[in-house]
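Secondary and tertiary structure notes
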Amino acid sequence: PQIHGDGCLCIITDDLENSTDLYDVLELDVLTLDEKIQISRNIIHSLYHLHDIGVCHGDLKPENIIYSKVDVIPCSCTAIPSSCKAIPSSCTAIHNIRIVDFGHSCIRPNVCQHFGTYSYAPPEQLNRRENMLEITDETFTFEDCLCFDVFSLGSVLFTVFTDTMMFPVETFCQILKMYSNLEEL
């Protein structure tokens, strides 16, 4: 990403034809454990890369992860060096993911003014929000937002492996009540 002189951020993405969001793929319940592991690794690497270049996503969830599967044709081509381990010989498909929807993102060192999806937001973010419900321009440090992304990543991975949301709620009030109940345990 590059910020231009007029303050606008320009992001160019790949062609996403023949792709769908991860939420829809998980709804079909067709992924094997090995496929879920490969997808999870790709999500982790993608988020790590974003953070490494100074971008915090701010709303990581399965709906903001685009998935595509590319079948690998096994071959015994001797031109490929044996030291190349990019595609394991047991691999029959590559599971590509792209993180999309940067509407809540921020770029280092800026403060972040975002509030992602309740079901994937960490309690620290919600608690700070609860104490400032009347304020619409609440800000978080970039480091806070990185932590929020990591929590959201954990929630996404929970969903990938269990086929359920960690916090299946629809409203802000429901999630605050649920977190309050967890604190009593």
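This section reports on the structure supplied with the text. This one's a predicted model, so the numbers in the text were calculated from it and none came from an experiment.

The subject of this paragraph is helix α4 (residues 142–162). The terminal C-alpha atoms of α4, which comprises 21 residues, lie 30 Å apart, in line with the 30 Å expected from a rise of 1.5 Å per residue. Residues of α4 that are buried: Phe 142, Cys 145, Leu 146, Phe 148, Asp 149, Ser 152, Leu 153, Ser 155, Val 156, Leu 157, Thr 159 and Val 160. Note on α4: the residue one or two positions beyond its end, Asp 163, has a positive phi of about 60 degrees.

Formed by 20 residues in total, the largest nonpolar core has its most connected members in Leu 22, Ile 39, Ile 43, Leu 60, Ile 65, Ile 97 and Val 156. Counting only elements with at least two residues in this core, the list comes to α1 (22–28), α2 (33–52), β5 (65–71), β6 (93–99) and α4. Other than its neighbours up to four places away in sequence, Ile 97 contacts Ile 39, Asn 42, Ile 43, Ser 46, Ile 65, Ile 66 and Tyr 67. Within the second largest apolar cluster, 8 residues are counted, among which are Cys 112, Cys 145, Leu 146 and Phe 148.

Take α2 next. In this model α2 runs 28 Å from its N-terminal to its C-terminal C-alpha over 20 residues, within 8% of the 28 Å that 1.5 Å per residue would give. Regarding α2, the residues found buried are Glu 35, Lys 36, Ile 39, Ser 40, Ile 43, Leu 47, Leu 50 and His 51. Taken around the axis of α2, the buried residues stretch over an arc of 140 degrees, which confines them to a single face. Exposed residues pointing more than 90 degrees away from the buried face of α2 are listed as Asp 34, Arg 41, His 45, Tyr 48 and Asp 52. On its buried side, α2 packs onto α1, β4 (55–56), β5, β6 and α4.

Rules behind the numbers
- Residues numbered from 1 in each chain as written.
- Predicted model: local features only at pLDDT ≥ 70, side-chain atom pairs only at ≥ 80, totals over all residues.
- Heavy atoms only, no water.
- Helix = DSSP H or I, 4+ residues; strand = E, 2+ residues; numbered from the N terminus.
- Expected span 1.5 Å × (residues − 1).
- Buried < 20%, exposed > 50% of the residue type's maximum accessible area, 1.4 Å probe, protein only.
- Core = buried A, V, L, I, M, F, W, Y, C linked by side-chain atoms within 4.5 Å.
- Contact = heavy atoms within 4.5 Å.
- Arc of directions from axis to C-beta.

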